[in-house]
Amino acid sequence: MRDRLKKGLSAFLPENRIFMDEPLSRHSTFKTGGPASLFVRVTDVDELRRTIRLLQEEGERVFLLGRGSNILADDAGFDGTIVQLAEGFDRIRTEGERLIVQAGASMIRTAVVARDSGLSGLEFASGIPGSVGGGVVMNAGAYGGEMRQVIEEADLLLEDGSLRTFTCAELELGYRTSVLKRIRACVVEVRFRLTQAPKDVISQTMEELNRRRILKQPLEYASAGSTFKRPEGHFAGQLIEEAGLKGLKIGDAQVSEKHCGFVINRGNATSAEIKGLIDIIQKRVYEHSGIMLEREVIYL
Ligand SMILES: Cc1cc2nc3c(=O)[nH]c(=O)nc-3n(C[C@H](O)[C@H](O)[C@H](O)COP(=O)(O)OP(=O)(O)OC[C@H]3O[C@@H](n4cnc5c(N)ncnc54)[C@H](O)[C@@H]3O)c2cc1C
C-alpha cells in the first residue's frame, strides 16, 4: 500500500521529498523515535492540499509535524504518513506593522526578522525552537509573552480542502492550547500585529531573555522543553524537585538537575524510557502534593 501511496505522491512531489521508513529520531528534539512508514515534505499550500487529499482517499493515518520540538515519537515508529511543511513554506514579509509568516518558518527566525524590521512583540519567541504553525497549535509562550498577544489572524487548511481565515479569538488560544486541539486542520499562514520599536531595544530584550534561558534550562541536552504544563498556582519543576525526583534516571532519560521541569535525553535514551520517567514523575508528584501534572509533550 505504501508503495502505491508513494507512487501517487510522486505525481506532484519530487522524489527527494518523499521518504520511506524515515527515522523520527531525526525529526524530534528528544532525538528518539522509530521510523515513519512515509514521511513527506511539502513546500506550498497546493502540494499540502493534494497530499492530504490523496492520503485521506487512501484512508492513511496522517500526522502534521512542525519542528518536532514538542513531541515524543514512539520507538516503534509511526504506521502512517508524516507531513511536514518544508523550506519554501517559510516565507516572511512585512506590511507596515504586520508580519506575515508562513507556518513552516521557525519561531526564532520570525523573531529575528521582526527585530530587524523594528517590530516589537515577538521577543518572547526568540528562544522557542518550534515552527510558527506549531507555535499556534500550542499557543507557545515564554517570559510573559505568548502567541495570543500578537496574532491577528491565521489561515488554516481544513479537512475538506478549503482555506479559512481564523481570527485570534476563533483560534481559541489558551494556556498551551488552541482550536487545533479540537479540529483537524493545518496552519498555513499567520499574520502578526506588532508595534514599532527601536531595533536595539528589541535586541536587548531578546538577549536578556536568551541569557535567562541559557542560565536556567538544560539546553545542552536533547529535550522537548518543559515536559509538563504549569499547574495553576504552582511550578511543575518545583513540585518535581519537592517530590525528591531531581536527577532521577531511567536509562539515559533523566529529570534535569538544572531544571526539574525538563526531562532530558542524556544521549541514548529511548522514548519508552522517557515515557516511563514521565509516568513515575506524575505518580510521585501526585502522591507528594496531590497535584496531577499534565503533560505538555505530545505522544506520537
Ligand atoms: C529547548 C526547548 C525549549 C522550549 N521552550 C519553549 C517555551 O519557552 N515556550 C513554549 O511554549 N514552548 C517551548 N518549547 C516547546 C516547543 O518548542 C513548542 O511547543 C513549539 O510551539 C512546538 O512547535 P513545533 O513546530 O516543534 O511543533 P511539533 O512539536 O512538531 O508539533 C506540536 C503539535 O503541533 C502540531 N502542528 C505542528 N505544525 C502544525 C501546523 N502547521 N498545523 C497544524 N498542526 C501543526 C503537531 O501535529 C503537534 O500536534 C521548547 C522546546 C524545546 C526543545
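Residues numbered from 1 in each chain as written. Predicted model: local features only at pLDDT ≥ 70, side-chain atom pairs only at ≥ 80, totals over all residues.

**Things to note about the site of the ligand**
Around the ligand, a shell composed of 32 residues is seen, among which G66, G130, G133, G134 and G225 lie nearest. Going through the elements one at a time, β3 (62-65), α4 (132-138), β9 (141-142) and β13 (185-193) are the ones with two or more residues in the shell around the ligand. The element that contributes the greatest number of residues to the shell around the ligand is α4, accounting for 5 residues. A breakdown of the residues in the shell around the ligand according to their chemical character gives 18 nonpolar, 13 polar and 1 charged. (Near = placed C-beta within 6 Å. Helix = DSSP H or I, 4+ residues; strand = E, 2+ residues; numbered from the N terminus. Nonpolar A, V, L, I, M, F, W, Y, C, P; charged D, E, K, R; others polar.)

**Regarding the packing of helix α3 (residues 107-116) against helix α6 (residues 199-216)**
Two numbers describe how α3 lies on α6: the axes approach to 8 Å, and their chain directions differ by 150 degrees. Here α3 lies roughly antiparallel to α6, going by the angle between them. Two secondary-structure elements touch here, α3 through A111, R115 and D116 and α6 through K199, I202, S203 and M206. Across the contact of α3 with α6, the residue classes break down as 3 nonpolar, 1 polar and 3 charged. (Axes fitted to C-alpha atoms, helices over the stretch in contact; angles between N-to-C directions. Parallel < 35°, antiparallel > 145°, perpendicular 65-115°, else oblique. Contact = placed C-beta atoms within 7 Å.)

**A closer look at the domain arrangement of the protein chain**
The assigned domain composition of the protein chain is domain 1 (2-85), domain 2 (92-215) and domain 3 (219-299). On a C-alpha basis, the centroid separation for the pair domain 1 and domain 2 is 24 Å. If you look at the interface, domain 1 gives 11 residues, while domain 2 gives 13 residues. By residue number, the principal contributor to the side of domain 1 that touches domain 2 is helix α2 (residues 45-57), which donates 4 residues. (Domains from an automatic or database assignment.)

**Some points on the pairing of strand β5 (residues 78-85)**
Among the 8 residues of β5, 6 are classified as buried, and the element is accordingly described as predominantly covered. Both strand β2 (residues 35-42) and β5 contribute to a ladder of 6 bridges, which runs parallel. Its bridge partner being in β5, A36 is matched across the sheet by F78. Here β3 runs beside β5; their pairing, made up of 4 bridges, is parallel. Note that in β5 the partner of L65 across the bridge is Q84. (Buried ≥ 20, exposed ≤ 12 C-beta atoms within 10 Å, placed from the backbone. Pairing = 2+ DSSP bridges.)

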